[in-house]
Amino acid sequence: MTKHGAFAALMLLLSLFATAGVSAQVPPIRTQLGGLQMTRSDLETLLDRNQEVVASSAYSGSMRERARRDIDMILQRLRDGDFRIGDRIILLIEGEWQTADTFVVEAGPQITLPVLGAIGLQGVLRSELEEHLTKQLSRFIQQPVVQAESTIRLMVTGAVNNPGFFNVPSTLLVGEALMRAGIQQASNLDRVRITRRELDREVDIWEGDPLQDALVQGLTLDQMNLQAGDQFVVPANVSSAVWGRVARGAIILGSFLIFGVRIFF
């Protein structure tokens, strides 16, 4: 897929906000399950599929390696839940609060509500958030009706107009997450990758064809198992980068020449 082809596909995806008859062949682990958020059952099904891919010689080595990485991410979600420090939860308790309020996830992980205190989020998936908060709040409020939405704190760097951190809904399409940072004409969408900090190094968790397929299919951040702190890296086209270096070199060379003229004349 060329840069212009990827850009066109992305723009079409964002205008429709849905998939539209994608025919590209993808491995079973890329098949969407459930709704916009992955349930525990969805994750367990994906785990089984990935384990089948790893155990089968019918898949390529790169595909099995991709499945191994997915297994690690899924197991981490099932064990630790989805919430990390810096995520935000928009919460409304009907009949108790007039408007929704936003709470930042703290160490624990947990959020701290006024008067009611801390509510732990260890092991809770985003799809389980409303049910979990309803259960916790029922200790203080009779039959609470809870509405909750979670956001993820992601970083976008590279050839974009607005690099930096973004708090975005977990149900956001991965393509729209990129557009929030402002894609440039110089952006090389074929080489976009998503990295995660593991111990003392950055690891690519999404790149190449799997990421391009996810863009075209319209997968959400949640369906891609992304979490707070993950980083979108958007490289520039080689031609643009080369031209930039040439231009900078010409400026430096010109400065030397002017400086030399001033010395000798």
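Anything mentioned here points back to the structure above.
Note that the coordinates shown come from a computational prediction; the quantities given were computed from them, not determined experimentally.

Draft legend 1. A look at the overall build of the chain. When its secondary structure is counted, the chain shows 7 helices and 9 strands. Across the 265 residues of the chain, 43% fall into the buried class. Nonlocal contacts in the chain, meaning residues at least 24 apart in sequence, comprise 58% of its contacts between residues at least 6 apart. Accessible area for the chain stands at about 14,100 Å²; split by element, carbon and sulfur atoms hold 55% of it.

Draft legend 2. View of the pairing of strand S8 (residues 201-206). The pairing of strand S7 (residues 193-198) with S8 spans 5 bridges and is classified as antiparallel. Its bridge partner being in S8, Glu-198 is matched across the sheet by Arg-201. Here S7 folds back onto S8 in antiparallel fashion, the turn holding 2 residues, of which Leu-199 has a positive phi close to 60°.

Draft legend 3. Fine view of the pattern of salt bridges. If you walk through the whole model with that rule in mind, you get 13 salt bridges. Residues Arg-40 and Glu-128 are paired through a salt bridge, measuring 2.8 Å at the closest nitrogen-oxygen approach. Of this pair, Arg-40 sits in helix H2 (residues 40-55) while Glu-128 is found in the loop between strand S4 (117-120) and helix H4 (129-137), placing the two residues 88 residues apart along the sequence. Each of the salt bridges in this network shares a partner with another, and the network as a whole consists of Arg-77, Asp-82, Arg-126 and Asp-222.

Draft legend 4. Highlighting unusual backbone geometry. With omega at -10°, the peptide bond leading from Gly-108 into Pro-109 counts as cis. With respect to the secondary-structure elements, Pro-109 resides in the loop between strand S2 (101-104) and strand S3 (110-113). A positive phi angle is found at Gln-143, which is not glycine, with a value near 45°. Considering the arrangement of structural elements, one finds Gln-143 in the loop between H4 and strand S5 (145-158).

Draft legend 5. Quick peek at the packing of aromatic side chains. Tallied over the full model, the rule gives 0 aromatic pairs. The ring of Trp-206 has Arg-66 lying over it, and the distance from NZ or CZ to the ring centre is 4.7 Å. Lying across the ring of Phe-165, Arg-153 places its NZ or CZ 3.9 Å from the centre.

Criteria and cut-off values
- Residues numbered from 1 in each chain as written.
- Predicted model: local features only at pLDDT ≥ 70, side-chain atom pairs only at ≥ 80, totals over all residues.
- Heavy atoms only, no water.
- Helix = DSSP H or I, 4+ residues; strand = E, 2+ residues; numbered from the N terminus.
- Buried < 20%, exposed > 50% of the residue type's maximum accessible area, 1.4 Å probe, protein only.
- Contact = heavy atoms within 4.5 Å.
- Areas by Shrake-Rupley, 256 points an atom, 1.4 Å probe, with all protein chains shown as cover.
- Pairing = 2+ DSSP bridges.
- Salt bridge = Lys/Arg side-chain N within 4 Å of Asp/Glu carboxyl O.
- Phe/Tyr/Trp six-rings, centres within 6.5 Å; stacked < 30°, edge-to-face > 60°.
- Lys NZ or Arg CZ within 6 Å of the ring centre and 35° of its normal.

The quantities given are spatial measurements derived from coordinates; they are silent on function.
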